[in-house]
Structure formats: structure tokens, C-alpha cells
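One-letter residues, chain by chain:
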Amino acid sequence: MKTCGGDVMAYNVLLFSDPGIDDSFAIMYALLNPDINLVGIVSGYGNTPKEQSIKNTAYLIDLAGREDIPIIAGAAGPLSGEPVQFYPEIHGPEGLGPIKPPESLQKVEVHDINKILEIINQYKDNIIIVNVGRLTELALMFILYGNNALKNVNAFYIMGGAFLVPGNISAEAEANFYSDSIASNIVMEKAHNIYLYPLNITNKAIITPDVIDFLSENSPTPFRPLLKPAFEYYFKAYQKNVPGIKGAPLHDVVPLMALTNPEFVKYIPKRVRVEEFGNAKGKSIADFRPKPDPEPPETLDYIGMEADIQKFVINFMEVFLKGDYEKN
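Residues numbered from 1 in each chain as written. Predicted model: local features only at pLDDT ≥ 70, side-chain atom pairs only at ≥ 80, totals over all residues. Heavy atoms only, no water.

Participant: Break down the side chain of Ser 179 for me, citing the residues and quoting the values.
Facilitator: Topologically, Ser 179 is positioned in helix H6 (residues 175-179). Of the residues examined, Ser 179 reaches a relative accessible area of 15% and is grouped as buried. Here the side chain of Ser 179 touches Arg 134 through a polar contact of 3.3 Å, side chain to side chain. In terms of polar contacts, Ser 179 uses its side chain to reach the backbone carbonyl oxygen of Ala 175, at 2.9 Å. With residues up to four places along the chain from it excluded, the contact list for Ser 179 reads Tyr 45, Pro 78 and Arg 134. (Helix = DSSP H or I, 4+ residues; strand = E, 2+ residues; numbered from the N terminus. Buried < 20%, exposed > 50% of the residue type's maximum accessible area, 1.4 Å probe, protein only. Polar contact = N/O pair within 3.5 Å; in protein donor to acceptor, adjacent residues only side chain to side chain. Contact = heavy atoms within 4.5 Å.)

Participant: Just give me the short version of the layout of surface pockets, but keep the residues and values in it.
Facilitator: The space that makes up the largest pocket amounts to roughly 490 Å³. For the largest pocket, the lining is made up of 28 residues, of which Ile 90, Asn 168, Ala 175, Tyr 238 and His 251 are closest to its centre. With 4 residues, the top contributor of residues to the lining of the largest pocket is helix H10 (residues 224-241). Split into classes, the residues belonging to the lining of the largest pocket amount to 13 nonpolar, 8 polar and 7 charged. (1 Å grid on protein atoms, 1.4 Å probe; cavity = no way out; pocket = protein on both sides within 12 Å on 5 of 7 lines; lining within 4 Å. Points joined across faces, edges and corners; volume = space filled by probe spheres on them. Nonpolar A, V, L, I, M, F, W, Y, C, P; charged D, E, K, R; others polar.)

Participant: Explain the side chain of Asn 261 to me, and be specific about the residues and the numbers.
Facilitator: By the element assignment, Asn 261 lies in the loop between helix H11 (253-260) and strand S10 (265-270). Filtering out sequence-adjacent residues up to four positions away, Asn 261 remains in contact with Tyr 29, Lys 311 and Asn 315.

Participant: Describe the packing of helix H9 (residues 209-218) against helix H12 (residues 309-322), and please don't skip the residues or the numbers.
Facilitator: Relative placement of two packed helices is described by the angle separating their axes and the distance separating the axes. In the contact formed by H9 and H12, the axes pass within 10 Å of each other and the chain directions differ by 15 degrees. Viewed along their axes, H9 and H12 adopt a mutual orientation that is roughly parallel. As for the relative orientation of H9 and H12, their crossing is right-handed in sense. Of H12, the residues touching H9 (which contributes Val 211, Ile 212, Phe 214, Leu 215 and Asn 218) are Val 313, Phe 316, Met 317, Phe 320 and Leu 321. Classifying every residue of the contact of H9 with H12 gives 9 nonpolar, 1 polar and no charged. (Axes fitted to C-alpha atoms, helices over the stretch in contact; angles between N-to-C directions. Parallel < 35°, antiparallel > 145°, perpendicular 65-115°, else oblique. Left-handed = near helix turned anticlockwise from the far one by under 90°.)

Participant: How would you explain the packing of aromatic side chains if you had to name every residue and give the values?
Facilitator: Following the criterion strictly, the structure yields 13 aromatic pairs and no others. Ring geometry for Tyr 234 versus Tyr 238: centroids 5.1 Å apart, planes at 70 degrees, classification edge-to-face. Of this pair, Tyr 234 and Tyr 238 both sit in helix H10, 4 residues apart, which is roughly one turn of the helix. Exposure class is identical for Tyr 234 and Tyr 238. Each is buried. Taking 6.4 Å as the distance between ring centres and 20 degrees as the angle between the ring planes, the aromatic pair formed by Phe 312 and Phe 316 counts as stacked. Here Phe 312 and its partner Phe 316 are both found in helix H12, 4 residues apart, which amounts to about one turn of the helix. Looking at Phe 312, the relative accessible area reads 0%, which means it is buried. The class of Phe 316 is buried, set by a relative accessible area of 0%. Pairwise contacts between aromatic rings join Phe 25, Phe 264, Phe 312, Phe 316 and Phe 320 into one cluster. (Phe/Tyr/Trp six-rings, centres within 6.5 Å; stacked < 30°, edge-to-face > 60°.)

Participant: Run through the pairing of strand S6 (residues 155-159), naming residues and quoting values.
Facilitator: Among the 5 residues in S6, 5 count as buried, and that is most of the element. Residues Ala 155, Tyr 157 and Met 159 point to one face of S6 and Phe 156 and Ile 158 to the other, with burial holding for every one of them. Bridge count between strand S5 (residues 128-131) and S6: 4 bridges; the pairing is parallel. If you follow Val 130 over to S6, its bridge partner there is Tyr 157. Handedness of the β-α-β unit built from S5, helix H5 (residues 136-145) and S6 comes out right-handed. (Pairing = 2+ DSSP bridges. Right-handed = clockwise from strand over helix to strand, strands pointing away.)

Participant: Tell me about the environment of Glu 318, and please be specific about residues and values.
Facilitator: With respect to the helices and strands, Glu 318 occurs in helix H12. Note: C-alpha distance between Glu 318 and Leu 32 (286 residues apart in sequence) is 10.0 Å.

Participant: Could you give an account of the confidence of the model for the protein, naming the residues involved and the relevant values?
Facilitator: For the protein, per-residue confidence averages 93 on the pLDDT scale, and residues scoring 70 or more make up 95% of the total. A low-confidence stretch, residues 1-7 stays under pLDDT 50, and its non-local contacts, those more than four residues away or across chains, total 16 contacts. Counting contacts from residues 324-328, a segment whose pLDDT is below 50, to residues more than four positions away or on other chains yields 19 contacts. (pLDDT = per-residue confidence, 0-100.)

Participant: Please provide a residue-by-residue account of unusual backbone geometry, values included.
Facilitator: Outside of glycine, negative phi angles account for most residues, and trans bonds account for most peptide bonds. Residue Gly 20 is bonded to the preceding Pro 19 through a cis peptide linkage, with omega at 0 degrees. Along the chain, the position of Gly 20 falls in the loop between strand S2 (8-17) and helix H1 (21-32). Positioned with a positive phi, Leu 164 is a non-glycine residue whose angle comes to about 65 degrees. When its relative accessible area of 71% is taken as the criterion, Leu 164 is described as exposed.

Structure, rendered in C-alpha cells:
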């Protein structure tokens, strides 16, 4: 925890993302939440190409008047070198639905990957990494700098995986784990104190059009004009993919809310691995038998398996109605 402004306690968060509509809502949530001190954003490929991801991040930071937050260029593709598939039908051609960031943001300062270590050292033993995109950049930290590269990070909050439920990119795999399964397995094996938010709970973190309508009329934040057009694009895509759905799940807000509201999610400790190749590529694996094989305590990850969805909706609305974007 860190003292901001002398009296407000906030978590120092280094956010890894690939905006993307739900990633963009996560960035907005982090910027607006008084319990989060956003110390950097790593933007790489995923829902959009890396270059567009950086533009979208810069746009959101500019709207918030938070140009002090460093943007770090992430990876352009997975460790496997396979071609990247993007999802304009879900996130729009530029990642924000129908919204196009202004061209004036093209000259924004962008840092290289070494900035990650600099930030971690600056906030040594007082920093949380939240990863809501592909896991390529986190895996690269271990590959480039060794197994102890991120030892001074307190915990890792990761959106990824699907346990005993269908995937959203293949029959068994969730998109973040599938898109770079090699990196995902590296991170799950080498990172410590991992809190994982799989589709089991993020699929239920649904925000309805009524909520967005209310926020688009009443939110005092600089993001208000974005909320409705971005959400409507995203919701229409979900209506096609999940007939009868009443809203759209904002997967990437879940880890940030779980960080600042610890009672929001219930966890079970399991060692998680990710299938790297073959038909089950990207599948998240854990031993759910009544008597699982024993694993060393330090290898256990905390899998979020239950979440208070009513609290999710309430907290989401509270944060977007506060207007605390000038807190830092």
C-alpha cells in the first residue's frame, strides 16, 4: 500500500493490457478508483495490434489528464511466432468500438520493456501487477531477466483461464491463455502469489445497458462520452455470440475490483498449468479431485471461483460516479 496525497491509501498497480473494449473499461476503472495508484501501463498485442493498443492507452490517459503515467510498449505477437488473430467484430476496427482516438496522440512518449524493472524497483515490495491481456510480456521478463526478475512484486492479479467451463476462443481455452499458451504456462509456473480470475467468474461480471445509460448521463468523469458507444458495440457482439444475454461481461475489470475489494471473490488454492500445444492448447489445468496430489505450498495459485456479482455492479457504478480522476 502507498500513501497518496497524505491520507488516502492506495495500491500501486502496474497494469498489463491490450485495449480492447473491456480492457479500456479496466483502464478507466483503474484511473478513477481512489484505491488504485496506477504507476504504469504496458500495452501490447491482443484485441488489437500493439500500435493500436498503445494509441488507445494514450487516449484514455490523455482524457484523464494523467500523462504522468508511463506507457510501456509490449510485445507484437506470441512467443511461438504464430500469426496473431485480432477481433474487430468484438472490439471494433481500432479497439474502442466506433471510437477513433485523435491523430494528435501519435507522438506520445512510449518506454521500452526495461521500464518495467525500473518501476518495480521504484516501488520495491509495494507493487501489484495486474495482467488483463496476453501474458507474453510477463513471460518475457522471466526469459530476459531470470526467475528472480519480479521477486519484488507483491502479487500478480491475472485475468485468464477457464476451469470446468467452456472456453471463449476454443472449446476449452480462454483467449489470454490460448493466444500465447507458452507464455501463459511460463507465468503460471514462475510467478508467485498469483490470484487468477477465470471465465468461471468473469463471464458472470455482466453490466447491462441500463447501467451504462445511467452512467452516460450522470458520470462526472471525462470518460462519459465513451461509455455508451463503446459498450453498445461490445454488447451487440455478445448478443450474436451468446443469444439471450442481458448485458456484456467486463472481464478485465474483475481483477482490479478484487484487488480493492478483497471480499468480492472467493478463491481455492490449486497449482495451475497451461497446455502449450495441440488440440487442447491454452487449456488451464488444475487438480479438482477430492484428494488432489500434494503440491508444494509455494506453487499454489489462488483461483477465483465465486464472485459477488451484485457487488460488482454496485462498485462499478460507484467508481464511475465518483469523479475522483483528479486524485493524484
